[in-house]
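# Reading the structure
Listed below are the residues making up each chain.
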Amino acid sequence: MLPTVPLADKHVDEYVVPAGEEAVERLRKAAKPFAGATMLHLNSTAYGGGVAELLQSQLPLLNDLGIQATWALLEGSDEYYAVTKTVHNALQGAEVPWTEEMRGAYWDRIRANAAELTEGYDYVFVHDPQPAALLNVLEEEGRRTGQWIWRCHIDLSTPFRPVWEFFEPIVNRYDAAIFTMENFAQPGVTDPTLAFIPPSIDPCSSKNLEIADATIADVLQTYGIDPDRPIVVQVSRFDPWKDPLGVIDAFRLARKEFPGIQLILAGSMAHDDPEGMRFLDLTEEHRAGDPDIHLLTNVHNVGNLEINAFQRASSVVIQKSIREGFGLVVAEGMWKDKPVIGGNVGGIRLQIIDGQTGFLVDSVEGCAERIVQLLQDPELGRTIGQAAREFVRDRFLTLRELEDYLGLMTSLR
Ligand code: UDP
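Residues numbered from 1 in each chain as written. Predicted model: local features only at pLDDT ≥ 70, side-chain atom pairs only at ≥ 80, totals over all residues. Heavy atoms only, no water.

If you tally the helices and strands in the chain, you get 16 helices and 12 strands. On the principal axes, the C-alpha backbone points of the chain span a range of 65 × 50 × 35 Å. Out of the 413 residues in the chain, the part that is buried amounts to 59%. Restricting to contacts in the chain with at least 6 residues of sequence separation, those with at least 24 account for 76%. When the accessible surface of the chain is split by element, carbon and sulfur atoms take 49% of a total near 16,100 Å². One finds the centroid of the 36 positive side-chain charges in the chain at a distance of 2 Å from the centroid of its 61 negative side-chain charges. (Helix = DSSP H or I, 4+ residues; strand = E, 2+ residues; numbered from the N terminus. Buried < 20%, exposed > 50% of the residue type's maximum accessible area, 1.4 Å probe, protein only. Contact = heavy atoms within 4.5 Å. Areas by Shrake-Rupley, 256 points an atom, 1.4 Å probe, with all protein chains shown as cover. Lys, Arg positive; Asp, Glu negative; His and termini not counted. Charge placed at Lys NZ, Arg CZ, Asp CG, Glu CD.)

Here the focus is the site of the ligand. What surrounds the ligand is a group of 16 residues, the closest being Gly 50, Lys 207, Lys 242, Ser 268 and Glu 332. In the model, an oxygen atom of the ligand is placed 3.4 Å from a nitrogen or oxygen of the Gly 267 main chain. Within the side chain of Glu 332, an N or O atom sits 2.5 Å from an oxygen atom of the ligand. Here the ligand, which alone exposes 540 Å², has 89% of that area covered by the protein. Where the shell around the ligand is concerned, the elements lending two or more residues are helix 3 (50-64) and helix 12 (328-335). For the shell around the ligand, the element with the most residues is helix 12, which contributes 3 residues. Each residue belonging to the shell around the ligand can be placed in one class, and the counts come to 5 nonpolar, 5 polar and 6 charged. (Near = heavy atom within 4 Å. Polar contact = N/O pair within 3.5 Å; in protein donor to acceptor, adjacent residues only side chain to side chain. Nonpolar A, V, L, I, M, F, W, Y, C, P; charged D, E, K, R; others polar.)

Quick look at the confidence of the model for the chain now. Mean pLDDT over the chain: 96, with 100% of residues reaching 70 or higher. Ranking the elements of the chain by mean pLDDT puts helix 10 (residues 276-287) last, at 94, and strand 12 (residues 359-361) first, at 99. (pLDDT = per-residue confidence, 0-100.)

Glancing now at the pattern of salt bridges. Under the counting rule described, the total for this entry stands at 25 salt bridges. Among the salt bridges present, the one from Glu 53 reaches Lys 207, with a minimum N-O distance of 3.0 Å. One end of the pair, Glu 53, is in helix 3; the other, Lys 207, is in the loop between strand 6 (193-196) and helix 8 (213-222), with 154 residues separating them in the sequence. You'll find Glu 53 and Lys 207 in the same group, each marked buried. With its nearest N and O atoms 3.2 Å apart, the salt bridge here joins Arg 111 to Glu 140. One end of the pair, Arg 111, is in helix 5 (residues 100-116); the other, Glu 140, is in helix 6 (residues 134-140), with 29 residues separating them in the sequence. For Glu 140, a relative accessible area of 54% corresponds to the exposed category. Put simply, Lys 85, Arg 237, Asp 239 and Glu 275 are held in one network by salt bridges that share partners. (Salt bridge = Lys/Arg side-chain N within 4 Å of Asp/Glu carboxyl O.)

And the structure:
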């Protein structure tokens with residue numbers, strides 16, 4: 001058996017307050033026909049990054065709804081993670097080397113993991129490209145059972161063709177493929193049923209629950225951040241697509257107009273992301289010892305509560321991505337009534353209606369201008385923040401995503 005991740009105890013009833021009774025009832029109704037069904041979710045990390053975040057919340061709720069949901073992890077190796085990170089970058093558009101040796105390393109780990117996947121499930125959700133080819137191996141060995149659903153979390157709109165051509169036939173074996181938005185789907189994905197389902201955030205997680213002002217003050221004090229000067233934050237893995245260097249540049253430009261501001265760049269190191277350390281070093285170099293730029297990682301014990309506090313303490317939340325599948329951190333900021341400045345890319349565009357639920361920006365200068373505008377006009381920030389929260393309540397909370405998954409499963413029956 002592949003290693004499984006222990007699931008928390010969560011109850012759908014707890015979502016009545018944040019999401020509304022109607023949303024809870026709709027979800028219960030959608031889940032009813034699947035009571036007793038078995039469901040496996042497979043991905044490559046239990047910690048760090050958006051997919052782990054989603055599964056932590058969603059699987060316990062599926063269990064509460066009577067579905068027997070299991071979360072299993074693909075077992076990688078340094079070489080395999082180096083290959084899958086390259087694949088991730090390539091599928092988001094980067095030109096990369098794509099050698100026979102890399103493909104061999106990918107297949108080796110996939111075969112080893114397939115050998116561990118000995119149980120059958122009614123529904124198998126495979127997240128992202130890392131584990132995608134498991135289905136091929138099971139089919140070759142005549143061991144395929146149940147419905148297989150590929151859940152793609154990345155922006156696949158302009159992939160580097162040689163790498164996508166490797167994955168296309170792999171994806172075409174699935175019964176269904178889920179993309180965050182329509183323009184992420186590649187025209188060559190013709191065989192699976194297609195569904196377009198944006199991700200969601202969990203309003204009841206320790207990252208998103210309301211917390212006391214005193215707790216926020218404690219967290220700021222712990223990290224030496226001045227509560228009396230404005231704070232801007234970006235929470236992200238250290239990854240070139242998240243553009244932390246551009247955030248620092250925008251912060252420095254904004255500081256010329258608005259001296260005294262502070263920047264928090266918080267990012268955990270996902271264990272399937274070997275580039276993270278190197279990019280953290282680059283970011284640290286770019287920070288150049290600036291005492292008002294706080295570069296924090298999970299090495300500094302930055303967990304969910306701290307992220308929650310940083311987001312709540314900020315006047316402005318930034319997510320200046322250059323490519324972004326969705327950007328859970330955008331919805332997290334919006335849910336906390338914050339004006340979010342997001343890169344005008346991918347799934348961020350689903351969340352931010354420019355000027356209404358946040359601001360979309362295309363450059364360092366544009367980002368700096370919006371930071372200054374929001375700091376100079378706190379009333380604007382409040383108005384946008386309120387609209388942002390309502391937008392997230394309507395569209396981007398966990399129950400809606402689960403209901404969409406169940407809707408897709410119903411259509412596959
Ligand atoms: N996150 C975190 N700590 C960090 C950095 C990120 O808890 O130091 C969380 C963040 O709050 C969000 C998720 O990891 O819930 C990142 O998801 P997103 O979709 O924004 O980006 P991804 O990493 O999946 O590209």
